[in-house]
Amino acid sequence: MHTICLAYYQPCVLSRGAILDLERSFGFLVNDVARLFGRRFDHNGRRLGLTRAQCRTLGYIARNEGINQAGLADLLEIRPMTLVRQIDRMEEAGWIERRPHPADRRARRLFLTAKARPILGRILDVANETRDEALARLKPAEAGQLIDLLKRVHATLSERVPQADKLGDGAGTTPILPSPRRVAAAASPDDANATPAPVAAVGAGR
């Protein structure tokens with residue numbers, strides 16, 4: 001029996017010479033759609049002057065203001081030390097501010113600055129633009145059905161994957177649908193009625 005390779009990223013030779021059809025592989029398609037979506041977001045988002053990682057960080061802080069660095073690293077699924085370096089750069093650039101924790105003098109809580117809030121609406125615009133491009137070949141009913149099916153798959157996996165322990169205020173499971181409309185409204189009154197795109201979309205394909 002041949003050794004099975006990584007099913008997500010390359011053709012796999014299974015027992016008796018059978019070849020896994022990646023075009024019908026759920027795992028491959030989900031991962032590759034995320035990869036391509038992320039690359040397209042990078043292209044559309046060049047005008048923002050922010051990296052995709054920075055956009056994700058701003059989006060998650062907007063949903064969890066007051067979270068500490070450990071909790072944010074848990075949500076973003078990256079190493080705390082990697083996040084510290086990124087937070088340092090974003091704080092120096094004026095996007096994020098650290099504030100003392102009222103109950104722990106050693107801890108710091110993360111908040112958006114006034115400079116960062118207007119950019120949230122522009123990030124959502126890029127995410128929505130990229131989403132519309134990705135779904136361009138689907139009819140509205142098909143797009144809605146796709147989202148409903150993915151939500152059911154998400155719910156199923158959420159029940160079966162152990163959740164990481166909460167590492168800080170606001171940490172824990174990340175809702176599927178983000179960015180409150182008030183965030184978009186604060187950035188631009190004209191965006192208040194727009195359908196917000198998932199914060200997770202910003203990080204697709206990372």
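Model, not experiment: these values are computed from the prediction.

Draft legend 1. Summary view of the overall build of the protein. The secondary structure content of the protein amounts to 8 helices and 2 strands. Traced from its N-terminal end to its C-terminal end, the protein shows the element sequence α-α-α-α-β-β-α-α-α-α. Classification of the 206 residues of the protein by burial places 35% in the buried group. Within the protein, residue pairs in contact and separated by at least 24 positions form 55% of the contacts whose partners lie at least 6 positions apart. Accessible area of the protein: about 13200 Å², with a carbon and sulfur share of 54%.

Draft legend 2. Up close: the pattern of salt bridges. Scanning all chains against the criterion turns up 10 salt bridges. As a salt-bridge pair, E159 and R160 come within 3.7 Å of each other at their nearest N and O atoms. Residues joined in a network through salt bridges with shared partners are D88, E91 and R98.

Draft legend 3. Representation of the side chain of T113. The topology assignment puts T113 in the loop between β2 (104-112) and α5 (117-134). T113 sits in the buried class, given a relative accessible area of 15%. Among the polar contacts made by the side chain of T113, one reaches the main-chain carbonyl oxygen of G94 at a distance of 2.5 Å. When near neighbours in sequence (up to four residues on either side) are disregarded, T113 contacts G94, W95, I96 and E97.

Draft legend 4. Expanded view of unusual backbone geometry. Residue E77 is not a glycine yet carries a positive backbone phi of 60°. By the secondary structure assignment, E77 is in the loop between α3 (69-76) and α4 (80-92). We classify E77 as exposed; its relative accessible area is 60%.

Draft legend 5. Inspection of the nonpolar core at higher detail. If you look at the biggest cluster of nonpolar residues, it comprises 26 residues, and the most contacted ones within it are L58, L72, W95, I96 and I123. Elements that contribute at least two residues to this core include exactly α2 (52-63), α3, α4, β2 and α5. Setting aside residues up to four positions removed in sequence, W95 forms contacts with L50, L58, M90, F111, L112, T113, K115, A116 and I119.

Draft legend 6. Region of the structure containing the packing of α2 against α3. Between α2 and α3, the least distance of the axes is 11 Å, while the angle of their chain directions is 115°. For the pair α2 and α3, the sense of crossing is right-handed. Contacts between α2 and α3 involve R56, T57, Y60 and I61 on the former and, on the latter, L72, L75 and L76. Here the residues of the contact of α2 with α3 are counted per class, giving 5 nonpolar, 1 polar and 1 charged.

Draft legend 7. Local environment of a nonpolar patch on the surface. Residues F26, V30, V153, L157 and V161 make up a contiguous nonpolar surface patch of about 420 Å² in total accessible area. Secondary-structure elements contributing two or more residues to the nonpolar patch are α1 (26-44) and α6 (140-160).

Draft legend 8. Region of interest: the packing of aromatic side chains. Under the counting rule described, the total for this entry stands at 0 aromatic pairs. Its end group placed over the ring of F111, R99 keeps NZ or CZ at 3.9 Å from the ring centre. Positioned above the aromatic ring of W95 is the side chain of K115, whose terminal nitrogen or guanidinium carbon lies 4.4 Å from the ring centre.

The rules we used
Residues numbered from 1 in each chain as written. Predicted model: local features only at pLDDT ≥ 70, side-chain atom pairs only at ≥ 80, totals over all residues. Heavy atoms only, no water. Helix = DSSP H or I, 4+ residues; strand = E, 2+ residues; numbered from the N terminus. Buried < 20%, exposed > 50% of the residue type's maximum accessible area, 1.4 Å probe, protein only. Contact = heavy atoms within 4.5 Å. Areas by Shrake-Rupley, 256 points an atom, 1.4 Å probe, with all protein chains shown as cover. Salt bridge = Lys/Arg side-chain N within 4 Å of Asp/Glu carboxyl O. Polar contact = N/O pair within 3.5 Å; in protein donor to acceptor, adjacent residues only side chain to side chain. Core = buried A, V, L, I, M, F, W, Y, C linked by side-chain atoms within 4.5 Å. Axes fitted to C-alpha atoms, helices over the stretch in contact; angles between N-to-C directions. Left-handed = near helix turned anticlockwise from the far one by under 90°. Nonpolar A, V, L, I, M, F, W, Y, C, P; charged D, E, K, R; others polar. Patch = residues over 30% accessible without salt bridge, like charges linked within 9 Å, V, L, I, M, F, W, Y side chains within 5 Å. Phe/Tyr/Trp six-rings, centres within 6.5 Å; stacked < 30°, edge-to-face > 60°. Lys NZ or Arg CZ within 6 Å of the ring centre and 35° of its normal.

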